Amino acid sequence: MSLPADVAKALPNVEKASPTRSNSYDDEKASMKDNDEKAIPVSKTWFPGDVFEEVREIDLGADGKERPIGDEFTERDMASVRLTSIPETAEDWSIRLISLEDDPTLPVWTFRLWFCSLGLSCFGAVLSQIFAFRPQTVYVSQLFLQTAGRTAVVSRTPDNAFWRFMNPGPFNIKEHVGTLIMSAAATHGALAISIFTADDLFYGFQPNPAIAIFTLLGSQLLGYGLGGMMRSFLVYPTYIVFPNVMPAVQMFDVLHRSTDNFLQKKRIKFFWVLFVGIFFWEWIPEYIAPLMTGFSIFCLARRDSAWVTRIFGGAAGNEGLGLFSLCFDWNYIGSGGSAYGALFQPLHTQLSCHLVIIILSFAGVYANNVWNAQTFPFLSQLLFYPNGTEYDQTLILNDDYTVNATKLAEQGLPWFASTQVVAKIGSMWDSIKTARTGGVQDAHYEKMKVYKEVPMWWYILMFVASIAMALATNYTGEAQLPWWAFFIAVGFSAIFLPIISTLYAILCYVPGTEDIAQMLGAALVPGKPHANMYFTMYAYNSTEQGRSMTRDLKIGQYTKLPPRVTFTMQCLGAVVGAVLNYVIMKIVVSANRDILLSVQGTNVWSGASVQSFNSNAVTWGGLARELYNNPDVHPHRAAVPIPFWLLHRKYPNGHFDKVITPMICTQIGYMSGGINSSIFGTFILCCISQFWIRKYHPGWFRKYNFLMSAALDGGTEVMVFVYSFAVGGAGGRVVNMPTWALNPTGNPDYCKRLT
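Residues numbered from 1 in each chain as written. Predicted model: local features only at pLDDT ≥ 70, side-chain atom pairs only at ≥ 80, totals over all residues. Heavy atoms only, no water.

1. So, the overall build of the chain
Counting its secondary structure elements, the chain contains 33 helices and two strands. Within the chain, contacts between residues separated by at least 24 positions form 79% of all contacts whose residues are at least 6 apart in sequence. Accessible surface, the chain as shown: approximately 29400 Å² in total, 62% of it carbon and sulfur. (Helix = DSSP H or I, 4+ residues; strand = E, 2+ residues; numbered from the N terminus. Contact = heavy atoms within 4.5 Å. Areas by Shrake-Rupley, 256 points an atom, 1.4 Å probe, with all protein chains shown as cover.)

Below is the structure:
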């Protein structure tokens, strides 16, 4: 996609820079000076200005007031640059919300970069693996890592040769971004960890540590190679926006650009006040008063009703659907490091979640006892016998973890909780959108041309090396996945990566392909749950890693980090994370085995995610033909778009064509487990941020909305880290808060405990 002609003229006029540079930093500075004089002559008649400025010409609408981000330009003259009508555009986000400023002479390869990157990568990898075993999976967000990276640097040190090497001047934006990218790569969860956890908990099998670590490396770097090879259309173009990185990019802007400017100082103060405030507030809902995690007037009024718990409860894992529950815990309202956040997710994406449809689906299935629903828990990820007791999967498997038909006949087929069945039906019907292609004409991309690009053969070599590692560990680690099925899994990832990454970049929405991968793996290698796990890892996890690679490359483009620095930091971060993820997983499983195997767990530890992963592997990998080859189980999902199409025909101005029906189906699965009390509040906040503030207070939205998201997410995650090690059990000892009115026994919101 190319920029409109009038906007292209308005952008800084950047010519291609010479691809050759000296390896010496002094020579590099000299060459950059030449490039600045010859290759980057910025237009003197137009410049968008900085984000912190009150009102810039590019922000003005036809009425002379600041227009909302994404609203149409109206035809007018602007400093001799004519801008014609442009609909809601990525260019608006790219130019109005992100600074074009860059200083190519800033040093990057410093000792401080390596010290901070390695230290924060180790710290983040440990923390992310601990968070993976919480009741509601919490991610170590980039905002938390940004904050930790900035505060870890000492501002002033003695002026001598040693300290000039250790701490060479102010910590600059390029060092900070490099530190973030490496630590973020280390904290990105690996699906291989779920395989090793399931092996330990459910199969009594523990792979050789060396094989496990090389499996982790192969599965993590495979997606990086794919993402890098597709960067020309998944990273560089302007329409690849990535709304969820806006808080991080604006935080870099606040911490490193024009910090002496009065208007920028206001943003800095705003950030730190919120950051510190949320850190202290979070101790209340997380520890002192868990009732604040999900305050429900319905639960308080009817404490003995099971149906009130199912519909309105949601403050504990697998409790209920959390309708109208008020959550005051930003740990669950905010992004938590994921793609979804109340303050940056596009409104049409949030509106497509349709909570009412999800709740009616779950409640209707359970109330009508569909699939014997009332025999099993309302929300659960485990497998059950028909009488409602937990299914022992080891009794139907041979010693090599393949399904034994005779034993299966004796034990009978396992059952899911009905809400889990509805979730799976929804997730299989997902959206597919063709990635847009075209010439790259992006202001940030043009600025990046002064740096050496990563050669394509680097990514190809990483891709080939990952395949070699994966094939070797498949045969030495008893994966049971044939070589031909492995290559089909890699092909699956290569096909879906452009689709998933484009949706992620434009809609801030990540369609799940895990169920599709499990279904394909079941068809190719039937009767082998273990093989299904590995097929899913290489098909689905590689897609996720490629998506992560494209996001980080876009952050590098927005912040003008040299591409080779980005590549190096990502690869090293994946290696560090693989080793530490495995070590922490072994420690947590060893210390909390019984809790991880229970249905509801505790408010500190939960095995829900690995239970779900294992149940899917058994049902798809081992029993797909017996369980899913039944037309009565699957309703006609293709009918979902029809009501909205009819409404659009009847009311063309009602925006029913904006409803993303595959997202409705997918979001059904989102409420099938975990803590749901935050969903209603997140929806309300998204409407306030992305509609009311964005439309009626566009200046505040531009300068503070994404910064607020950064401060609240960052401060919350610092608190969760301190809490986890101080009193939450991550340090080996749990210190429980005494029971009182806002910390009751049972469910925190006073709803009746059902399991």
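2. Observations concerning the packing of aromatic side chains
For any pair of aromatic rings, geometry is given as the distance between the ring centres together with the angle between the planes. All told, the structure shown has 25 aromatic pairs when counted by the stated rule. Measuring from ring centre to ring centre gives 5.8 Å for F271 and F275, while their planes differ by 35 degrees; the resulting arrangement is tilted. Of this pair, F271 and F275 are both found in helix α12 (residues 262-281), four residues apart, which corresponds to roughly one turn of the helix. You'll find F271 and F275 in the same group, each marked buried. A ring pair is formed by Y459 and F567, whose centres lie 5.2 Å apart and whose planes are at 90 degrees; its orientation type is edge-to-face. Highlighted residues: Y459 in helix α22 (residues 456-476) and F567 in helix α26 (residues 563-591), separated in sequence by 108 residues. Owing to a relative accessible area of 1%, Y459 belongs among the buried residues under this scheme. By relative accessible area, which is 12% here, F567 ends up buried. Ring pairing ties together the aromatic residues F298, F312, F324 and F680, which thus form one cluster. Against the face of W307 rests R310, its NZ or CZ located 5.0 Å from the ring centre. Directly above the ring of Y696 sits K695, whose terminal nitrogen or CZ lies 5.9 Å from the centroid. (Phe/Tyr/Trp six-rings, centres within 6.5 Å; stacked < 30°, edge-to-face > 60°. Buried < 20%, exposed > 50% of the residue type's maximum accessible area, 1.4 Å probe, protein only. Lys NZ or Arg CZ within 6 Å of the ring centre and 35° of its normal.)

3. Let's talk about helix α33 (residues 698-726)
Over its 29 residues, α33 runs 41 Å from end to end, which matches the ideal 42 Å to within 8%, given 1.5 Å per residue. At Y704, α33 shows its largest kink, close to 40 degrees. (Expected span 1.5 Å × (residues − 1). Bend = angle between axes of the 7 residues up to and from the residue.)

4. Remarks on the environment of N705
Position of N705 among the secondary structure elements: in helix α33. Considered as a pair, N705 and I693 are 12 residues apart in the sequence and their alpha carbons are 8.4 Å apart. Look past the residues within four positions of N705 in its chain and what remains in contact with it is L343, S689, Q690 and W700.

5. Regarding the nonpolar core
One finds F196, L216, M246, M462, L481, Y534 and Y538 to be the most contacted residues of the largest nonpolar core, which totals 125 residues. Once residues within four sequence positions are removed from consideration, Y538 is found in contact with T215, S219, L222, A470, T473, N474, L481, F486, A489 and S493. F362, A363, A373 and L379 belong to the second largest nonpolar core, which has 14 residues in total. (Core = buried A, V, L, I, M, F, W, Y, C linked by side-chain atoms within 4.5 Å.)

6. Notes on a nonpolar patch on the surface
Together, Y475, W483, W484, F487, I488 and L520 make up a nonpolar patch on the protein surface, roughly 610 Å² of accessible area in all. Considering each element in turn, the nonpolar patch owes the most residues, four residues, to helix α23 (residues 483-507). Within the element layout of this structure, W484 appears in helix α23. (Patch = residues over 30% accessible without salt bridge, like charges linked within 9 Å, V, L, I, M, F, W, Y side chains within 5 Å. Salt bridge = Lys/Arg side-chain N within 4 Å of Asp/Glu carboxyl O.)

7. Points about unusual backbone geometry
Positive phi is not limited to glycine here, since F242 has a value of about 60 degrees. Secondary-structure assignment places F242 in the loop between α10 (231-234) and α11 (246-256). What makes F242 buried here is its relative accessible area of 0%. At E478, a position not held by glycine, the phi torsion is positive, near 60 degrees. Relative to the assigned elements, E478 resides in the loop between α22 and α23. Taking relative accessible area as the criterion, E478 reaches 47% and is therefore assigned partly exposed.

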